[in-house]
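Here is what each chain is made of, one letter per residue.
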Amino acid sequence: MEKLQNFINGAYCRTKSGKYIDNYDPSTGAVYSLIPDSNAEDVEDAVKAAEVAFPIWSSMSNEERSAILVRVAEGIEKRMEELVKAESKDNGKPLKLAAAVDIPRAVSNFHFFATAILHFASESHHMEGVGINYTLRKPIGIVGCISPWNLPLYLFTWKIAPALAAGNCVIAKPSEITPYTAFLLGQIAKDAGMPDGVLNIIHGSGASAGDTIVKHPKIKAISFTGGTKTGAYIAQTAAPMFKKLSLELGGKNPTIIFDDCNFDDMLKTTLRSSFSNQGQICLCGSRLFVQRGIYERFKTAFTEKVEKIKVSYPTDPEAIMGALVSEPHLNKVLSYIDLAQEEGGKVIAGGKRVHLDAPHDNGYYLRPTVIEGLSFDCRTNQEEIFGPVVTLTPFDTEEEVLQMANSTDYGLAAVVWTNDVKRTHRMAEQLEFGIVWVNSWLVRDLRTPFGGVKSSGVGREGGWEALRFFTEPKNVFVSY
Ligand code: TXE
């Protein structure tokens, strides 16, 4: 069985713990590789390597660092097919989704931040007749990047690329559930000419490797994407050490459909925003609020389309949905479908696990599920399920839907479907979310601030926000 290795100081190496974690193929339910269950000694080795590398990396010109990061992007592109297959196998997502979204986005992340750093400027504040202030922006030093399993290489590189571009050395930990593409990235960075110790990739559990990274006194900032509970724990641990924190956490996003919308566009996009990546995207809309005038029409058309979604093994070219990421996660999602029914909801599409033919008979497949008849404030409509499950709720007025949409602890993203321009702006202003898409979903411009409010996180990623996070500002005043 293949044993993955950590990537420390420019070389692959075994974990000092001597322990490994099983890595499952979600499409079959079989273990197919082993992941280092790294401990504090492994993290210490990575920190030591990063300490040596930091003066070299941070004193390179932006142009030199940019050139290396562009080569990383090119290296990912060159190994596209291998990475696409690895991502799909590790995560259970359809091969064509990994090919269309995940790996191309990892390329874009590196290209984007490799070139952004060349345009990154700092402010100056002139005090007439007195002097001038200017802001220096220096890299922080050694930073930790911890990422989840839903968009493995996509989110891993979304953190690493700006951290490196800004001149930091990185200790990065991918999710132990989907480690494979991060494992391959070490070699790609090496081939791109990245100096040893600049990027260190540590595998292992959150409780061991992840916690050690968060607690390490020499790791000065943590960029984390994952569950809200984990985020709260990380914040609690890191706050007394005054670490810089960027937390991208869960969501319980509303899709708000007014009866004046373009019905066909809305229907097509709402299928994607509900079930893309098996509903395992923090931006998926899981609460569909539909204005009463088109509620029945929408319900019929939507469930008809949902029933036609092909759930299949990831390499099936016709698969629209693949496997969920793990058995515990599948069981969690199923438990929410049970809960919804206990709370009075009616399953009007899906709701059942799917058993495909061998060798995929033990894979973690679930039919896309639609539930109606729930109150907006029940647990099913308030807690993050993070799977292919949506609820339908009718509404009459803007005021009513705003109250329901804003009622959760989360505030990541909202979608509004309407052709009324004034209503568009009224809604966008009043929705308590970090991102609002109007008549669209998941259109991403990497320059825009990305992140949520309330329990969906703290801080923003993307564009200058990310480069500001990964640098420390220093004001210098020069008297005339
Ligand atoms: O997240 P975790 P999981 C949500 C979603 C999902 C839930 C759990 O609701 O069901 O989170 O998913 C590392 N110190 N999202 O289990 O546990 C862990 O090893 C340091 C939303 O994947 O938060 C992994 O690398 N690190 C999300 C990463 O944190 C720790 C996408 C995320 O793991 C740690 C994925 C600790 N104490 C899940 N404990 C989104 N918003 O995109 C764990 N980790």
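As a convention, each chain's residues are numbered from 1 in the sequence order in which they are written. A pLDDT threshold of at least 70 governs which residues receive local features in this predicted model, and a stricter bar of 80 or more applies before side-chain atom pairs are shown or counted, although totals over entire chains, interfaces and linings include all residues. Note that water and hydrogens are dropped before the side-chain values are worked out from all heavy atoms of the structure.

## Quick look at the overall build of the chain
Step number 1: Only DSSP runs of H or I covering at least 4 residues are called helices, and only runs of E covering at least 2 are called strands; the numbering of each starts at the N terminus. Of regular secondary structure, the chain possesses 15 helices and 25 strands.
Step number 2: Here the C-alpha radius of gyration of the chain, 23 Å, is about what a compact globule of 480 residues would show, namely 23 Å.
Step number 3: Buried means the residue's accessible area, taken with a 1.4 Å probe over protein chains only, is under 20% of the maximum for its type, while exposed means over 50%, and partly exposed covers the values in between. When each of the 480 residues of the chain is scored for burial, the buried share is 58%.
Step number 4: Long-range contacts, defined here as pairs at least 24 residues apart, represent 75% of the contacts in the chain between residues at least 6 apart. Each radius of gyration is computed over the set of C-alpha atoms, and the globule rule expresses the reference value as 2.2 Å times the number of residues to the power 0.38. Any two residues whose heavy atoms approach within 4.5 Å at even a single point are treated as in contact.

## A word on the packing of aromatic side chains
Step number 1: Here is the rule: rings of Phe, Tyr and Trp (six-membered ring for Trp) pair when centre to centre is within 6.5 Å. Planes less than 30 degrees apart are stacked, more than 60 are edge-to-face, and the remainder are tilted. Inspection of every chain in the model, using the stated rule, returns 13 aromatic pairs.
Step number 2: Here the aromatic rings of Trp149 and Phe386 are separated by 5.3 Å at their centres, their planes lie at 75 degrees, and the arrangement is edge-to-face. A residue pair is termed long-range when its members are at least 10 positions apart, and Trp149 in the loop between β8 (142-146) and α5 (152-165) and Phe386 in the loop between α12 (379-382) and β19 (389-395) qualify at 237 residues. Here Trp149 and Phe386 have matching classes, each one buried.

## Describing the side chain of Glu461
Step number 1: By the element assignment, Glu461 lies in the loop between β24 (457-458) and α15 (463-469).
Step number 2: Its relative accessible area of 6% is what places Glu461 among the buried residues.
Step number 3: Contacts described as polar in this section are N or O atom pairs within 3.5 Å, which, within protein, must combine one atom able to donate a hydrogen with one able to accept it, while residues neighboring in sequence count only if both atoms come from side chains. At 3.3 Å, the side chain of Glu461 forms a polar contact with the side chain of Ser223.
Step number 4: Once residues lying within four places of it in the same chain are set aside, the contact partners of Glu461 are Trp158, Lys159, Ser223, Thr225, Ser246, Glu248, Thr448, Pro449, Phe450 and Ala466.

## Remarks on the side chain of Arg65
Step number 1: Tracing the backbone shows Arg65 in helix α2 (residues 62-78).
Step number 2: In this tally Asp and Glu are treated as negative and Lys and Arg as positive; neither His nor the chain ends contributes. In the sections that follow, a salt bridge refers to a side-chain nitrogen of Lys or Arg positioned within 4 Å of a carboxyl oxygen of Asp or Glu. Buried and unpaired, Arg65 has no salt bridge, with Glu64 as the nearest side chain of opposite charge at 7.3 Å.
Step number 3: Only 3.1 Å separates the side chain of Arg65 from the backbone oxygen of Met60, close enough to count as a polar contact.

## With respect to unusual backbone geometry
Step number 1: Omega for the bond connecting Ala358 with Pro359 falls within 30 degrees of zero, at 5 degrees, which places this linkage in the cis form.
Step number 2: One can find Pro359 in the loop between β16 (353-354) and β17 (365-366).
Step number 3: Phi is positive for Leu442, which is not a glycine, with a value near 55 degrees.
Step number 4: The residue Leu442 is located in the loop between β22 (435-438) and β23 (453-454) in this model.
Step number 5: By relative accessible area, which is 25% here, Leu442 ends up partly exposed.

## Here's the deal with the domain arrangement of the chain
Step number 1: According to the domain assignment, the chain contains domain 1 (2-249 + 456-479) and domain 2 (253-446).
Step number 2: Residue ranges assigned to each domain were obtained from an automatic or database domain assignment. Between the C-alpha centres of domain 1 and domain 2 the distance comes to 30 Å.
Step number 3: Buried surface at the junction of domain 1 and domain 2, summed over both partners, amounts to about 2300 Å²; 58% is from carbon and sulfur atoms.
Step number 4: Applying the counting rule to domain 1 against domain 2 returns 0 salt bridges. Put simply, buried area is how much 1.4 Å-probe accessible surface two parts lose in total, over both of them, once they are put together.

## Things to note about the pairing of strand β11 (residues 219-225)
Step number 1: Most of β11 sits inside the fold, with 6 of its 7 residues counted as buried.
Step number 2: As judged from the 5 bridges shared by β8 and β11, these two strands associate in the parallel manner. When the sheet's bridge partners are listed, Gly144 is paired in β11 with Ile222.
Step number 3: Note that β11 and strand β12 (residues 244-248) share 5 bridges and pair parallel. Counted as the bridge partner of Thr225 is Glu248 from β12.
Step number 4: Note on handedness: a crossover is taken as right-handed if, strands pointing away from the viewer, the path from the first strand over the helix to the second is clockwise. A crossover links β11 with its parallel partner β12, the connecting element being helix α8 (residues 228-238), and its sense is right-handed. Paired strands are those between which DSSP finds at least two bridges.

## Notes on the environment of Asn109
Step number 1: Counting through the fold element by element, Asn109 comes out in helix α4 (residues 95-119).
Step number 2: On the basis of relative accessible area, Asn109 is assigned to the buried category, the value being 0%.
Step number 3: Along the sequence, Asn109 and Thr157 sit 48 residues apart, while their C-alpha atoms lie 6.3 Å from each other.
Step number 4: In contact with Asn109, not counting residues within four places along its chain, are Tyr154, Thr157, Trp158, Ala161 and Leu446.

## Points about the packing of helix α3 (residues 80-91) against α4
Step number 1: Angular values range over 0 to 180 degrees, each being the angle between N-to-C directions of two axes fitted as lines to C-alpha atoms, with helices fitted over their stretch in contact. Where α3 contacts α4, the two axes come as close as 9 Å, and the packing angle between them is 120 degrees. It follows that α3 is oblique to α4 by the angle criterion. Note on packing geometry: the crossing formed by α3 with α4 is right-handed. For the pair formed by α3 and α4, the contact residues are Met80, Leu83, Val84, Lys85, Glu87 and Ser88 on the first element and Leu95, Ala98, Ala99, Asp102, Ile103, Pro104 and Val107 on the second.
Step number 2: By residue class, the composition of the contact of α3 with α4 is 9 nonpolar, 1 polar and 3 charged. Any angle that falls under 35 degrees is termed roughly parallel, while one over 145 is termed roughly antiparallel, one within 65 to 115 roughly perpendicular, and all others oblique. Rotating anticlockwise by less than a right angle from the far helix to the near helix defines a left-handed crossing, while the corresponding clockwise rotation defines a right-handed one. We call Asp, Glu, Lys and Arg charged. Ala, Val, Leu, Ile, Met, Phe, Trp, Tyr, Cys and Pro are nonpolar, and the rest, Gly among them, are polar.

## Notes on helix α1 (residues 40-59)
Step number 1: With 20 residues, α1 should cover 28 Å at 1.5 Å per step; its first-to-last C-alpha distance of 29 Å lies within 8% of that length.
Step number 2: One axis fitted to the seven residues ending at a residue, another fitted to the seven starting there: the angle between these axes is the bend at that residue. Along α1, the sharpest kink reaches roughly 45 degrees, centred on Ala53 and followed within four residues by the proline Pro55.
Step number 3: Of the residues making up α1, those classed as buried are Asp42, Val43, Ala46, Val47, Ala49, Ala50, Ala53 and Trp57.
Step number 4: The N-terminus of α1 is capped by Asn39, whose side-chain oxygen sits 3.0 Å from the backbone nitrogen of Glu41. Working rule for helices: expected span equals 1.5 Å times residues minus one.

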